[in-house]
Structure formats: C-alpha cells, structure tokens
Amino acid sequence: MTPPVALVPGVLALLPSYASIDDPVAELRAACLTAVGELGPRVRVEASGASGVRVGAGLVRAVGATVVTSAESGVLVVGNGSATRTEKAPGHLDPRAEAFDATLRESFSGIDQELATELWADTACLAGLPRLAEADVRYDDAPFGVQYWVAVWG
Amino acid sequence: MRLGRQEFGDDDALMMAIVNRTPDSFFDKGATWGEDAAFARVAEVVGQGAEIVDIGGIKAAPGVEISAAEEKARVVDFVAGVREQWPDVVISVDTWRAEVGDAVCAAGADVLNDAWGGADPELVDVAAAHDAAIICTHTGGVTPRTRPYRIEYDDVVAAATNDTVAYAERALAAGVARESIVIDPAHDFGKNTFHSLEVTRRIDEMVATGWPVLVSLSNKDFVGETLGLDVGERLVGTLAATSVCALAGARIYRVHQVVETRQTVDMVWSIAGRRPPLRAIRGLQ
C-alpha cells in the first residue's frame, strides 16, 4: 500500500521560533497540523531547501510524529506556488503569477522551472505529485501574495 | 507575583495608573479631585489596560497637613466604589499610615503602596492581616512629605537596594506573603536628580535581588531637570527612562500615561525576548 502524501507550504511563520501573540497563519497552521497528523508516526520530509526541511520537521514534531528517511508511514512534501501575486507579496506583483498558480492547480507535471524561479515559487519538490483534483484539498489561498496549498493524497 | 486577588506571571509587566484624590498633585493639579472625575479616570485607565490603579489621598510634596481622618475621607469610600464597579482591577492605595491602610484594605484594596519607606512600622502588620501586597520603597529615611535637601549617599543604589530588601524581609517576617512583596527605589524621594539617574542606570542591581521591582518615573523632576522641561513636557523623557528600566526587567510601572508607557514597555519587553511580537509575518510568509 502506498503511504499517504501531504503537501504544505514552507511558511517560516509556522515555526515555533517565529511565534507571535496573534498567530498570523492560524487557519493555515490548523490545516497543516490536521494534514500532517494523517501521515502516521514516521514521516519522511521532502523539501527544496533547509528552511522547508525545518518547517516540515517542525510540523511533524508538532503532531507527535518522528521524521525518518526510510520505512515511512507517510510523506510530507513542502512547497508552494508563486510569491508574486500582489504588490505587497514578497516578490512584488508579477502579472504572470495568477496564471502560473492556476496551471499548478490543474497539474504539477511539466512545471516551467525557469518561470517558477522568476515568480519566487517553491516548486522543486512538487513535480512528482498527483493532481490536486485527486487530493483532499484543505487550504487553497494566497493570503500574503504567496500561493499556499494544503492537501492530502490518502 | 500576587497582588491581592490577582496573580501575575513572571514575564508580565504591569501598568499601575495613578489616580489622585488630591486637589494639588503636581501633574494633574487636582483634575480628579472631584469624585465623578476620579471614577472617570479609573474607567479610562482600566479601558486602556492598566492592571492596577494607585489611589492617593495626599500629594507627595510638602503642603497643608492632611490628618488620617481627612485622608480616609478622601480614599476609603472611593476604594469601595472602585471595587464595586471594577471587581477585577487591582486597587493600590498610596499611603504610609497603618490606620488608613487598614481602612482601605477593609474597603477592598489589594496593595499598600508605602511611598515613604516604612515611616509607620505597623503598615506591614496591616498588609499581613488583610493578605494584601506591599510596595517597599526607599526614601533614605526622610520624613514623609519632605523634599530632599543636601542628601548624599556613598552609593545610592546600594542604599536603595539594602533598605528595600530589609523592608521586604521585615514585611515577610510580619506575615506578608512572599509573592506579594514588591520593592521600589522611589525615584526623587530622598534623591536628587543625579541619584535618580544613577538608580535608573543601575536598576538591574535591584532586579537581581529577586524581589519584583516597581518604578515610579512618570513626569518626575529628575526628568524635568535633566531635559530642562516643565511638568507637562516630560513624557518623552519619562518613556526613555522607562525603556532603561524595562530592559533591566522592572515589573510594575506607576504612570500617568498608560497607553504610551504600555507601548514602550511592550516594545522593550519584546526586544528583551520576554514577549513575542503581536503579529509578525513580514519575511516569514
């Protein structure tokens, strides 16, 4: 049986070391914790960089599971769409961002990695994922001009 | 720390808002002498988030002698009224007289703020009897309501620390709960401006005693003399001194301006790593 797979964004605000009094990502955090909680006790984290690994591992620990590199009960993929959706987005507004994210929403195959880089998208680990249409999508929004998805393929 | 009916965590910084029942205090010049105005002041500062109101019936500076009976007439019923309208607010009363302390505690006060450093030795017994908190201040042994005149210290901070800790231990021995004892160097009380500046600079030495430290800096003369500013112009200087005390970890701030002081202390508390930012997302999305 294939272990379940979850997708979360590499949002640093999810880390305990960046906690605020009023959680700016409360809804996203709740969705992430629920999704990661469905991956079982041994979770392998796939992320494109060190900060994504930390965010993924932080979520795994937050649900009481353990990060492993093999014999996993579930896989946590860390990545997200563009970070250029609005003028206040980290990478400012790029008019191509919305269409780029819409394409990802349809399919993670055949991602234009050059465009992804220009749009500050973290897509390196998304390429192998099935379509979002086949997942239980828990979160799909761009609250800070960054496109986030939380989804579980079970 | 426990102040009467309220407990506070080790990382809480508290605002103690001044409410004068006097016709002649230096900052507000009698603005809350009328009872309605005084209740309005309490409503205002509680609305601004002050955890404590400090009610005083006698101005600190010299002036017409106020008997214990007159002091009680000014504060006791008012304390009862505040307690009735605001059951959760911590009520402190600024008095050095045991007789007055007993009456206000019976009326619902939580804290006896002895601004004159134990001038009445029975005040600690009153605090113990009512399970009230006590603020132990340093005045260098001066008589209540007198100005400092040619007072010098070998080491003003050592004197303030030793005297307030001795007072705290006396309160403890009298039966006041350990978690209900606070020390206060009492800026400008028995101190010239140089003394108050030095106490501010070295306030960490008082924090290091382990007793929670209260500072009363608000619009005082050491700020005015340092900057050459009159009473109504000392907010910025007050907040600068507040920042220094907050960084060192002073826990209670006796203030006229609650909102500005709260912002200052919150900011410094976060710089010190004792309080998370309210809502940080920039760069963390």
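Preceding this section is the structure that the text describes.
Definitions and cut-offs
- Residues numbered from 1 in each chain as written.
- Chains lettered and ligands numbered in written order.
- Predicted model: local features only at pLDDT ≥ 70, side-chain atom pairs only at ≥ 80, totals over all residues.
- Heavy atoms only, no water.
- Axes fitted to C-alpha atoms, helices over the stretch in contact; angles between N-to-C directions.
- Helix = DSSP H or I, 4+ residues; strand = E, 2+ residues; numbered from the N terminus.
- Parallel < 35°, antiparallel > 145°, perpendicular 65-115°, else oblique.
- Contact = heavy atoms within 4.5 Å.
- Nonpolar A, V, L, I, M, F, W, Y, C, P; charged D, E, K, R; others polar.
- Buried area = accessible area lost by both parts, 1.4 Å probe.
- Salt bridge = Lys/Arg side-chain N within 4 Å of Asp/Glu carboxyl O.
- Polar contact = N/O pair within 3.5 Å; in protein donor to acceptor, adjacent residues only side chain to side chain.
- Buried < 20%, exposed > 50% of the residue type's maximum accessible area, 1.4 Å probe, protein only.
- Pairing = 2+ DSSP bridges.
- Core = buried A, V, L, I, M, F, W, Y, C linked by side-chain atoms within 4.5 Å.
- Arc of directions from axis to C-beta.
- Phe/Tyr/Trp six-rings, centres within 6.5 Å; stacked < 30°, edge-to-face > 60°.
- Lys NZ or Arg CZ within 6 Å of the ring centre and 35° of its normal.

Caption draft 1: Representation of the packing of helix α1 (residues 26–36) of chain A against helix α2 (residues 50–62) of chain A within the structure. Residue and element names in this part refer to chain A. Two numbers describe how α1 lies on α2: the axes approach to 9 Å, and their chain directions differ by 70°. In this view, α1 runs roughly perpendicular relative to α2, as classed from their interaxial angle. Residue-level contacts link C32, L33 and V36 of α1 to L59, V60 and A62 of α2. Here the residues of the contact of α1 with α2 are counted per class, giving 6 nonpolar, no polar and no charged.

Caption draft 2: Inspection of the interface of chain B and chain A at higher detail. On the side of chain A, 14 residues touch chain B, which itself brings 10 residues to the contact. When the two sides are added together, the surface that chain B and chain A hide from each other amounts to roughly 1000 Å², 63% of it contributed by carbon and sulfur. A per-residue breakdown of the area chain B buries against chain A is headed by B:R279, B:L284 and B:Q285, which together make up 55% of the total. Where chain B meets chain A, there are 0 salt bridges. Viewed at the interface, chain A and chain B are joined by 7 residue pairs in polar contact (both at pLDDT 80 or more). Residue composition of the side of chain B that touches chain A, by class: 6 nonpolar, 2 polar and 2 charged.

Caption draft 3: A look at the pairing of strand β7 (residues 133–137) of chain B. Residue and element names in this part refer to chain B. A large share of β7 lies buried, amounting to 5 of its 5 residues. The alternating pattern of β7 places A133, I135 and T137 on one face and I134 and C136 on the opposite face, and all of these are buried. Taken together, the 4 bridges between strand β6 (residues 111–114) and β7 define a ladder with parallel strand orientation. Its bridge partner being in β7, V111 is matched across the sheet by A133. Here 4 bridges tie β7 to strand β8 (residues 181–184), and the two strands are oriented parallel to one another. Pairing of C136 across the sheet is with I183, part of β8.

Caption draft 4: Seen up close, the sheet that holds strand β10 (residues 252–255) of chain B. Residue and element names in this part refer to chain B. Taken in spatial order, the 8 strands make up an open sheet running β8-β7-β6-β5-β4-β3-β10-β9, and their pairing is parallel. Each edge of the open sheet is held by one strand with a lone partner, namely β8 and β9 (214–216). Strand-to-strand twist of the sheet, defined as the mean angle between neighbouring strand axes without regard to direction, takes the value 25°. Here 3 bridges tie strand β5 (residues 90–94) to β6, and the two strands are oriented parallel to one another. If you follow V93 over to β6, its bridge partner there is L112. In this fold helix α1 (residues 35–47) packs onto β3 (14–20), β4 (52–56) and β10, with an angle of close to 165° to the strand it touches most, β3. Helix α2 (residues 68–85) rests against β3, β4 and β5 of the sheet, and its axis sits at about 155° to β4.

Caption draft 5: A look at the side chain of B:N219. Residues and elements named next belong to chain B. The residue N219 is located in the loop between β9 and α8 (221–227) in this model. Residue N219 is classed as buried on the basis of its relative accessible area, which comes to 0%. With residues up to four places along the chain from it excluded, the contact list for N219 reads F26, F27, V231, R234, L235, T238, H256 and Q257.

Caption draft 6: Representation of the nonpolar core in the model. Core analysis: the biggest nonpolar cluster contains 65 residues, and B:V53, B:I55, B:V82, B:I91, B:V104, B:I134 and B:Y253 have the highest contact counts within it. Those residues in contact with B:V53 that lie beyond four places of it in its chain are B:A17, B:V19, B:V42, B:V45, B:V46, B:V82, B:V89, B:V90, B:I91 and B:S92. With 32 residues, the next largest nonpolar core counts A:V8, A:L14, A:V45 and A:A65 among its residues.

Caption draft 7: View of the sheet that holds strand β4 (residues 74–78) of chain A. The strand order β3-β2-β4-β1-β6-β5 (chain A) describes an open sheet built from 6 strands, whose pairing is mixed. Strands with a single pairing partner mark the edges of an open sheet, and in this sheet they are β3 (66–67) and β5 (136–141) of chain A.

Caption draft 8: Structural context of helix α6 (residues 193–201) of chain B. Residue and element names in this part refer to chain B. Here α6 has its buried residues at T193, H195, S196, V199 and T200. An end-on view of α6 places all buried positions within 160° of arc, on one side of the element. Among the exposed residues of α6, those pointing more than 90 degrees away from its buried face are F194 and R201. Buried residues along α6 sit in contact with α5 (156–174), α7 (203–207), α8 and α9 (235–248). One side-chain oxygen at the N-terminal end of α6 lies 2.9 Å from the backbone nitrogen of F194; it belongs to N192.

Caption draft 9: Spotlight on the packing of aromatic side chains. All names here are of chain B. Summed over the entire model, instances satisfying the criterion amount to 5 aromatic pairs over all chains. A ring pair is formed by F39 and F78, whose centres lie 4.7 Å apart and whose planes are at 45°; its orientation type is tilted. With F39 in helix α1 and F78 in helix α2, this residue pair connects regions lying 39 residues apart in the sequence. When sorted by exposure, F39 lands in the same class as F78, which is buried. On the basis of an interplanar angle of 50° and a centroid distance of 4.7 Å, the ring pair of W116 and F189 is categorised as tilted. Of this pair, W116 sits in the loop between β6 and α4 (123–129) while F189 sits in the loop between β8 and α6, and the two are 73 residues apart along the sequence. Each member of the pair, W116 together with F189, is buried. Of note, R21 hangs over the ring of F78, and the distance from its end group to the ring centre comes to 4.9 Å. The cationic tip of R274 hangs over the ring face of W269; the distance from NZ or CZ to the ring centre is 4.3 Å.

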